[in-house]
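# Descriptive structure summary
The lines below spell out each chain.
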Amino acid sequence: SSIAKLTVRALSKADPELDSVYSSNAAYLECADPHAVFPTSIYRMCDGHVHANHDASVIEGVMSTSITTTIKIQTGVLNPTNLTLCKVYKPIGKCVAVVDQFVDEKWGEDLCKYFAHHGVELTKLVYRAMEADKDISTVEEILKDLKMHSVSRNEPVLIVGGGVIADVGGFATALYHRNTAYVMLCTSIVSGIDAGPSPRTCCDGFGYKNLYGAYHPPVLTLTDRTFFNTLKEGWVRHGIAEIVKMAVVKDLSLFELLEKAGSRLITTKFGTTCPEDTEFGEMCDAIIGKAMEGYVKSEYGNLWETHQCRPHAYGHTWSPGYEIPAGMLHGHAVATGMGFGAHLAFREGFITEGESRRIMKLISDLELSLWHPILDDTDVVWASQEKMVQKRGGNLCAPVPKGQIGVCGYINDVSRERLEKTMAEYKTVCQDFPRAGVGIDPHCHDVGLEHPGTTGVCKKKEEGAAEAAAQEAAAPSGAALSYNEWIEQCQQQRASSHTERLAGAGGGAAKPPVFDENTLFYPVVEAYALSQTSQGSKDVNAVVESTEKEGLFAPCMVGQLEGQFLKMFAKSTKASRVLDVGTFTGYSALSFAEGIAAGGKVVTLESDVKIAGVAKSLFDGSAQKEKIELVVGDAKGAMRKLLEDNEQFDIVFLDADKENYVTYYDLTMEGLLAPGGVILADNSLCSLVYTEGDERRQKLHDFNEHVRKDARVEQVVLTVREGITLIQPLA
């Protein structure tokens with residue numbers, strides 16, 4: 001009834017005697033326990049003791065904070081019959097939700113229906129939340145939106161999504177009003193057992209993982225594996241790494257459950273695709289619950305990281321230094337750290353060789369990475385260790401299994417010599433596992449996510465656009481001047497700020513030069529160039545739509561500007577045969593096909609079967625179907641077969657894996673290039689923008705130098721998009 005909705009304070013005013021008792025008690029509590037009468041938040045309490053000497057020249061204080069949080073593992077959180085969220089937001093009458101864009105597309109309607117059913121006003125603030133968006137600019141955007149919607153510090157924000165939105169959204173609430181409560185509704189494995197309940201909210205910066213952050217746990221964490229049903233298998237797989245770490249160093253029974261469930265956790269998305277198998281579903285709930293229990297026991301007892309005995313950091317000692325440069329998914333990077341840590345623990349005498357192999361086998365059986373080529377670069381791994389020692393207060397304190405699986409110990413001294421020796425041993429051990437220890441879909445781009453090294457690009461684009469607009473507004477008008485007067489009066493200042501060479505010295509540097517930007521694009525320039533370029537055909541536009549629909553990494557397409565360049569280049573050179581090394585979803589192949597005459601042929605090579613399937617369907621539905629031949633398989637093998645068959649091409653377009661550009665170039669020069677033909681090497685300037693330590697940065701530079709030193713050819717590097725090098729044998 002209406003009386004039931006009244007507060008004690010409001011109810012007491014209706015009865016003078018009760019009001020007297022309430023007022024007297026309230027006056028007492030103002031000093032004895034202010035939280036009881038004037039709370040800022042019902043979820044937190046603090047206390048403190050201050051002591052001073054006789055003249056108050058020295059004052060010392062001890063402060064403490066008590067934080068209340070609840071974690072619930074449920075099924076059907078957004079079912080209107082589930083009252084968990086209703087009980088939080090019904091008394092407030094509204095809910096402001098920070099939602100992952102991907103989650104909103106899948107579950108946004110259910111979220112709206114839930115709150116509408118319970119008569120709660122819902123405001124959704126939707127953000128893209130890929131690894132590349134885990135940036136301070138995203139946090140700033142959330143803060144602005146919270147203020148715009150007048151969120152009060154005593155109303156919990158609802159955060160809905162995976163690990164990235166949990167990190168940046170939680171960090172934003174920590175900053176907003178210096179401390180605003182939030183409820184975390186977890187929709188992924190990573191958020192469900194790690195980032196979601198974690199007090200460590202954060203974002204990346206300057207190429208470093210989690211550079212900025214605050215200790216700010218949610219007041220309520222809800223993990224519902226129903227949401228896992230819409231995740232890609234690659235996302236499920238990399239999330240499982242956070243469960244494995246807790247099993248290895250905290251809970252043998254959890255480890256055994258993972259062994260029993262195996263890769264079925266991935267294929268069934270934690271039992272959500274086979275709800276009829278209730279026994280397996282119960283096992284999945286037990287795995288999530290045990291992982292969560294082990295995690296929060298480790299985390300909540302050391303809320304502010306006042307010491308570094310942190311079992312849940314297993315696998316996170318070396319991986320933060322190479323995860324971003326390698327473009328790896330977080331879970332795969334952590335898995336390589338766990339595998340190496342297990343081998344190091346064996347060498348330390350903490351566990352037996354059999355236990356070490358058992359741990360590595362579980363990681364491999366779950367299709368996670370034990371090894372990645374970036375581990376060959378011990379400079380990167382050592383630099384990561386040095387940074388971690390600095391971060392951990394001068395100690396390495398690397399958590400590893402000790403005594404047996406399920407128990408944690410710490411290694412604090414690893415010299416560079418020992419690191420390199422043990423890493424070499426570990427690589428040899430990894431050769432015994434499937435794929436030589438490399439996991440399935442280990443990179444962000446493998447599962448349709450942007451390379452994490454592109455963090456901050458969006459903000460830089462906005463800043464570049466604003467700067468260009470300001471310069472345009474300040475520029476003097478030259479409309480009434482002659483051309484020579486315009487040069488003298490309007491262009492001298494602009495020219496004086498230009499330092500580019502009109503003629504340059506030769507190359508020869510062992511490494512590419514330092515370049516402090518992570519993009520070559522000026523947003524206004526790109527937008528203007530696109531606006532003045534012929535629009536793509538219906539067929540190439542279909543490629544864009546299908547790539548986005550399939551959730552594939554769109555920047556792998558050449559796009560309108562470069563696609564039109566390729567089409568017109570083929571047309572102007574009167575090319576009839578083109579070899580396209582690296583199909584992706586087919587934009588470049590279709591562009592070339594549109595540029596060559598009827599009867600011409602584009603042979604396009606793609607190694608990924610799934611992506612090739614997308615491309616083939618697009619080719620088959622296009623007007624250029626008869627001109628395109630798609631070859632699926634290893635590009636090097638396909639090119640050798642073309643050589644054996646004496647095939648030659650007027651244009652060879654290199655746009656595949658950058659680490660093999662030299663090989664593709666050499667195979668082309670062995671006889672695949674027809675007389676008068678041209679090689680076009682795409683992304684040749686990415687040697688500047690790929691992250692320091694990423695092997696592709698160096699490999700591209702090596703390719704550029706390889707071409708420069710080849711006396712058989714002449715070449716020019718065009719600054720179209722991310723660089724196209726035109727290479728032609730000398731007459």
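Note that the structure is a prediction, hence the values are computed from the model and not measured.

Calculation criteria
Residues numbered from 1 in each chain as written. Predicted model: local features only at pLDDT ≥ 70, side-chain atom pairs only at ≥ 80, totals over all residues. Heavy atoms only, no water. Helix = DSSP H or I, 4+ residues; strand = E, 2+ residues; numbered from the N terminus. Buried < 20%, exposed > 50% of the residue type's maximum accessible area, 1.4 Å probe, protein only. Areas by Shrake-Rupley, 256 points an atom, 1.4 Å probe, with all protein chains shown as cover. Core = buried A, V, L, I, M, F, W, Y, C linked by side-chain atoms within 4.5 Å. Contact = heavy atoms within 4.5 Å. Axes fitted to C-alpha atoms, helices over the stretch in contact; angles between N-to-C directions. Parallel < 35°, antiparallel > 145°, perpendicular 65-115°, else oblique. Left-handed = near helix turned anticlockwise from the far one by under 90°. Nonpolar A, V, L, I, M, F, W, Y, C, P; charged D, E, K, R; others polar. Pairing = 2+ DSSP bridges. Salt bridge = Lys/Arg side-chain N within 4 Å of Asp/Glu carboxyl O. pLDDT = per-residue confidence, 0-100.

## Some points on the overall build of the protein chain
- Per the secondary structure count, the protein chain includes 28 helices and 19 strands.
- A buried classification covers 49% of the 731 residues belonging to the protein chain.
- With an accessible surface of roughly 34,600 Å², the protein chain has 53% of that area assigned to carbon and sulfur atoms.

## Some remarks on the nonpolar core
- Ranked by internal contacts, the top residues of the largest apolar core, which has 76 residues, are I243, V244, L265, F270, I287, W318 and I359.
- Excluding anything up to four places from it in sequence, V244 contacts L258, M338, L362, I363 and L366.

## What to know about the environment of V139
- Mapping V139 onto the fold places it in helix α5 (residues 136-148).
- A sequence separation of 32 residues divides V139 from F171, and the C-alpha atoms of the two residues are 7.1 Å apart.

## As for the packing of helix α8 (residues 233-250) against helix α11 (residues 278-300)
- Two numbers describe how α8 lies on α11: the axes approach to 9 Å, and their chain directions differ by 70 degrees. One finds that α8 runs roughly perpendicular with respect to α11. The interaxial crossing formed by α8 with α11 has left-handed handedness. Together, I243, K245, M246 and K250 of α8 and I287, A291, G294, Y295 and S298 of α11 make up the contact between the two elements.
- Residue classes in the contact of α8 with α11 are distributed as 5 nonpolar, 2 polar and 2 charged.

## Things to note about unusual backbone geometry
- The phi dihedral of H177 is positive, around 55 degrees, even though this residue is not glycine.
- Along the chain, H177 turns up in the loop between α6 (163-175) and β7 (182-186).
- Positive phi is not limited to glycine here, since E305 has a value of about 55 degrees.

## Some thoughts on the sheet that holds strand β14 (residues 601-606)
- In space, the 7 strands of this open sheet follow the order β15-β14-β13-β16-β17-β19-β18, with mixed pairing throughout. Each edge of the open sheet is held by one strand with a lone partner, namely β15 (628-632) and β18 (713-718). Adjacent strand axes in the sheet meet at a mean angle of 15 degrees, parallel and antiparallel pairs treated alike.
- The pairing of strand β16 (residues 649-654) with strand β17 (residues 673-682) spans 5 bridges and is parallel. Looking across to β17, one finds that F653 is bridged to L680.
- Running at roughly 170 degrees to β17, helix α26 (residues 661-672) makes contact with β13 (577-581), β16, β17, β18 and β19 (724-729) of the sheet.

## Quick word on the pairing of strand β8 (residues 200-205)
- The buried fraction of β8 is high, at 5 of 6 residues.
- Bridge count for β8 against strand β9 (residues 208-215) is 5 bridges, and the pairing is antiparallel. Across the sheet, the residue bridging to R200 is Y215, located in β9.

## Re the pattern of salt bridges
- Following the criterion strictly, the structure yields 32 salt bridges and no others.
- Among the ionic pairs, R225 bridges to D285, the shortest N-O distance being 2.7 Å. Placement of the pair is R225 in the loop between β10 (220-223) and α8 and D285 in helix α11, with a sequence separation of 60 residues.
- K567 is the salt-bridge partner of E594, the closest N and O atoms lying 3.9 Å from each other. Here K567 lies in helix α22 (residues 559-572) and E594 lies in helix α23 (residues 587-595), a separation of 27 residues in the sequence.
- Sharing partners across several salt bridges, the network here consists of R200, E299, E305 and R310.

## Quick word on the confidence of the model for the protein chain
- With 90% of its residues at a pLDDT of 70 or more, the protein chain shows a mean pLDDT of 88.
- Note that pLDDT drops below 50 for residues 454-479; the model gives that stretch 22 contacts with residues more than four away or on any other chain.
- Counted against residues more than four places away or in other chains, residues 497-502, with its pLDDT under 50, gives 0 contacts.

## Concerning the sheet that holds strand β6 (residues 157-161)
- A sheet is described by the order of its strands in space; here 6 strands give the open sequence β3-β10-β7-β6-β4-β5, paired in parallel fashion. Each of the sheet's edge strands pairs with one partner strand only, and the pair in question is β3 (70-73) and β5 (121-127). Averaged over neighbouring strand pairs, the angle between their axes works out to 20 degrees when direction is ignored.
- For strand β4 (residues 94-100) and β5, the ladder comprises 7 bridges, and the chain directions are parallel. Note on β5: the bridge partner recorded for V99 is V126.

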